Each structure stands twice: as structure tokens, then as C-alpha cells.
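Fold and contact review
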Amino acid sequence: MSIAVTGINKRFGDFVALDNVSLEVPTGRLTALLGPSGGGKSTLLRIIAGLEFPDTGTVEIEGLQATWLPPQKRSVGFVFQHYAAFKHLSVFRNVAFGLEIRRKPKAEIRKRVMELLELVHLEQFADRLPSQLSGGQRQRMALARALAVQPEVLLLDEPFGALDAQVRKELRDWLRNLHDEMNVTTIFVTHDQEEALEVSDEIVVINGGRIEQVGSPDDLYDRPANDFVMKFLGPVTTLDGRLIRPHDIEVLPAPGDNAVEATVIKLTRVGYEVRAELKTSQGSEPWVQLTRAQAEDLSLEPGRSVWLRTDNAPKTLAAS
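Being a predicted model, the structure only gives us computed values, none of them experimental. (Residues numbered from 1 in each chain as written. Predicted model: local features only at pLDDT ≥ 70, side-chain atom pairs only at ≥ 80, totals over all residues. Heavy atoms only, no water.)

1. Some details on the packing of aromatic side chains
What the rule picks out here adds up to 3 aromatic pairs. Taking 4.6 Å as the distance between ring centres and 40° as the angle between the ring planes, the aromatic pair formed by F86 and F97 counts as tilted. With a gap of 11 residues between them, F86 in the loop between β6 (76-79) and α2 (91-101) and F97 in helix α2 connect regions that are remote in the sequence. Over the ring of Y221 we find R245; its NZ or CZ atom is 4.1 Å from the centre of that ring. (Phe/Tyr/Trp six-rings, centres within 6.5 Å; stacked < 30°, edge-to-face > 60°. Helix = DSSP H or I, 4+ residues; strand = E, 2+ residues; numbered from the N terminus. Lys NZ or Arg CZ within 6 Å of the ring centre and 35° of its normal.)

Right under this line is the structure:
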């Protein structure tokens, strides 16, 4: 089910949350709304869901005018960062809730709920209370509950934000697989760049209530529209007055064509990665991302002179 928002404006008092935002999300796409806190991404999601209404502009879902429709008439499922579970109800009853209030037959409810619990790998916990689940399990329960009413659009507001890094990683993989299996149009809000790059088909970068760029993860990473997108979507450093990815800087042990001399100031090992902080002969202070093997082959150590080259780097932007 496709989604189109056109000319959306939203203020909260003097604060401009969204400024003339227009966006199209094709059917079946997994789209990430990515940006800093306060940038407007959650407000846009809530307007699509019908939990907020725009001051001006329109929302269409599969070509139908939905701007002023209440959430229950939009065929959307919504999952918040905090699970909002019914603490006194079992996992089964939490997932079944939306079907029960729609007065579906008991046999149909049981069949649907057990299918979903199996899908999210919680079938063995059907009789437990939410408090007896881990954070990751509670979030999977929340997703099953949102899917129970068979929404045509699934909206996720920082669904993994309250979880630790390892669980986030596991659930990212799980969400991608779930989306591919169910093929429901999905929009999720995140401020985690790695999460957006890893999971989504398309990324919408939002800042200050405006859309900075829309495109595939590769497009945004390799061809950022402006400095903000480049800085926000992945590591950057400055060399010769340009913003550049630190892994796109070639480190040479001897002078080379178009290479700049630099001195190694500091080396920091982060797992398999070595981060080298340097100072060039022109006075700039870039850092370079290397593998351990590369650093060892170059015999890098503080005080050593090396040469830096960016001839083979993709297009970069002028530093602000």
C-alpha cells in the first residue's frame, strides 16, 4: 500500500516541527525516517498514523484521502519505542487484543495469534506476562500485536531504541527478514545511522522539519546531497578543505602523486579497526580508518611521517 504526503506543515506553538514536507513511499518498501532528535521524523510518522493532524497539507494512503481519518480507519499498525503492553494480560491476550475488540470469532483469533507468535518466535511464551519477557521479546510481542489486525502499513517509532546494542542488532536482522516475508509497507523512525543503512530499502533524512535527501542507503552514503547528510550518515573527516570518509583516504609509506605529507599523532585500536589521527603539512588534522593488517604493513606509530591520497575516493563535498 503506497503512502503520499504532500505539503505537510506542523507547528507546536512557535516550534516548526514540519516545514512543507512531501514524500512518497511505494507499496512494499521498507523506509527509514532518519535524523537527529527534534528533527521532525516522529511527528511525520504520527501524522501518517493519524495520531497527529497537520496544520496544512494532505496524506493519501493507496490513493485515498486519509488526512483527517482516525487511526482505526487507516489500516495501519503502530509500534512505539516503549512497548505499552497490557501488564495484566498474557502475551497471547496482548497480541489478541485488537482482534477481540473487533469481535472476531474465538477460533479465528486463536489461529491468527498462534501464527503470529510462531512468526516472532514467542509461541512458547504465550501464557507468560509481559514482565516475564526480555526487552527484545516484549518488542517482538508488540510487533505481533500490531500485525494481528493485518494492517497494510506498519509504522515503527524507534522500535529498538530502548534496547542494548546486541539485542538491537538481532532485532534489526529479524525485522528485515519479517518484512521480506510479509511484504507490508513499513516506515520506521530511527536516529541510528547503522540501523537505517542496514535495514532499509530507502532512507529519508529529515533535519529541522525539512527533508534533506531521499534515496537508497548506497545513494545517500556515496552521493550525499549536502554536508549535513554526509556528516550524519557515516564517519567523516577533513582533508585539504574537503569532507571525506576516513576509510577513503589512502595512506602511503613514501611520497606519491597528489599525496599530502602527514605525521601520525595517535593510534587507537577499536576491535579489528585502527583509527589513525594525523596532522598534515598544511595544518589540517584528519583521521583515517584502517584495518589492523594495513596499520601493521605500514608500521604506523606516533611521530612517523606518511603520505595521504584521495585520488580514488568517491565524490566529496567542500567542508563547511
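Here the narrative resumes, following the displayed structure.
2. Things to note about the sheet that holds strand β16 (residues 287-291)
Spatially, the 5 strands line up as an open sheet ordered β13-β17-β14-β15-β16, and their pairing is antiparallel. What marks the edges here is a single partner per strand, and that holds for β13 (250-252) and β16. Averaged over all pairs of adjacent strands, the angle between their axes in this sheet comes to 45°, without regard to strand direction. Both strand β15 (residues 273-280) and β16 contribute to a ladder of 5 bridges, which runs antiparallel. Paired with A276 across the two strands is V288, which belongs to β16. (Pairing = 2+ DSSP bridges. Axes fitted to C-alpha atoms, helices over the stretch in contact; angles between N-to-C directions.)

3. Points about the environment of H121
Among the structural elements, H121 can be located in the loop between α3 (106-119) and α4 (135-148). The spacing of H121 and M141 is 20 residues in sequence and 9.3 Å in space, taken between C-alpha atoms. Ignoring anything within four residues of it in the chain, the contact list for H121 reads R140 and W174. (Contact = heavy atoms within 4.5 Å.)

4. Let's talk about empty space enclosed by the protein
With the rule as written, the count across this model stands at 2 cavities of 30 Å³ or more. Reported here for the second largest cavity is a volume of approximately 30 Å³. Taken together, L147, L154, L175, L178, H179, M182, V184 and T186 make up the full set of residues lining the second largest cavity. (1 Å grid on protein atoms, 1.4 Å probe; cavity = no way out; pocket = protein on both sides within 12 Å on 5 of 7 lines; lining within 4 Å. Points joined across faces, edges and corners; volume = space filled by probe spheres on them.)

5. Remarks on unusual backbone geometry
One non-glycine residue, E62, lies in the positive phi region at around 55°. Take E62: it is sitting in the loop between β4 (56-61) and β5 (64-65).

6. Notes on the pairing of strand β8 (residues 185-190)
Taking burial as the measure, the 6 residues of β8 include 6 buried ones, the bulk of the element. Alternating residues of β8 divide into T185, I187 and V189 and T186, F188 and T190, and every residue in both groups is buried. Where strand β3 (residues 30-34) lies against β8, 5 bridges are found, and the strand directions are parallel. Directly across from A32, in β8, lies its bridge partner F188. Across 5 bridges, strand β7 (residues 153-157) lies against β8 in parallel orientation. (Buried < 20%, exposed > 50% of the residue type's maximum accessible area, 1.4 Å probe, protein only.)

7. As for the side chain of H179
Within the secondary structure, H179 sits in helix α5 (residues 165-182). If we ignore the near neighbours within four places in the chain, the residues touching H179 are G28, R29, L30, V184, T186 and D201.

8. A word on the pattern of salt bridges
Applying the stated criterion across every chain, the model contains 15 salt bridges. The residue K111 makes a salt bridge to E115 at a minimum N-O spacing of 2.7 Å. Of the two residues, K111 and E115 both sit in helix α3, 4 residues apart, roughly one turn of that helix. Within this structure, K169, R172, D173, E194, E195 and E198 form a network of salt bridges that share partners. (Salt bridge = Lys/Arg side-chain N within 4 Å of Asp/Glu carboxyl O.)

9. A look at α3
Its 14 residues place the ends of α3 20 Å apart at the C-alpha level, agreeing with the 20 Å of an ideal helix rising 1.5 Å per residue. Of all the positions in α3, only I109, R112, V113, L116, L117 and L119 are classed as buried. Relative to the axis of α3, the buried residues are bounded by an arc of 155° and lie together on one face. Of the residues in α3, the exposed ones pointing more than 90 degrees away from the buried face are A107, K111 and E118. Next to the buried residues of α3 lie α2, α4 and α5. (Expected span 1.5 Å × (residues − 1). Arc of directions from axis to C-beta.)

10. Here's the deal with the confidence of the model for the protein chain
Atomic detail in the predicted coordinates should be set aside for any region of low pLDDT. Counting all residues, the mean pLDDT for the protein chain is 90, and 95% of those residues have values of 70 or more. Overall, residues 314-320 carries pLDDT values under 50, and its contacts beyond four positions in sequence, including any with other chains, amount to 23 contacts. (pLDDT = per-residue confidence, 0-100.)

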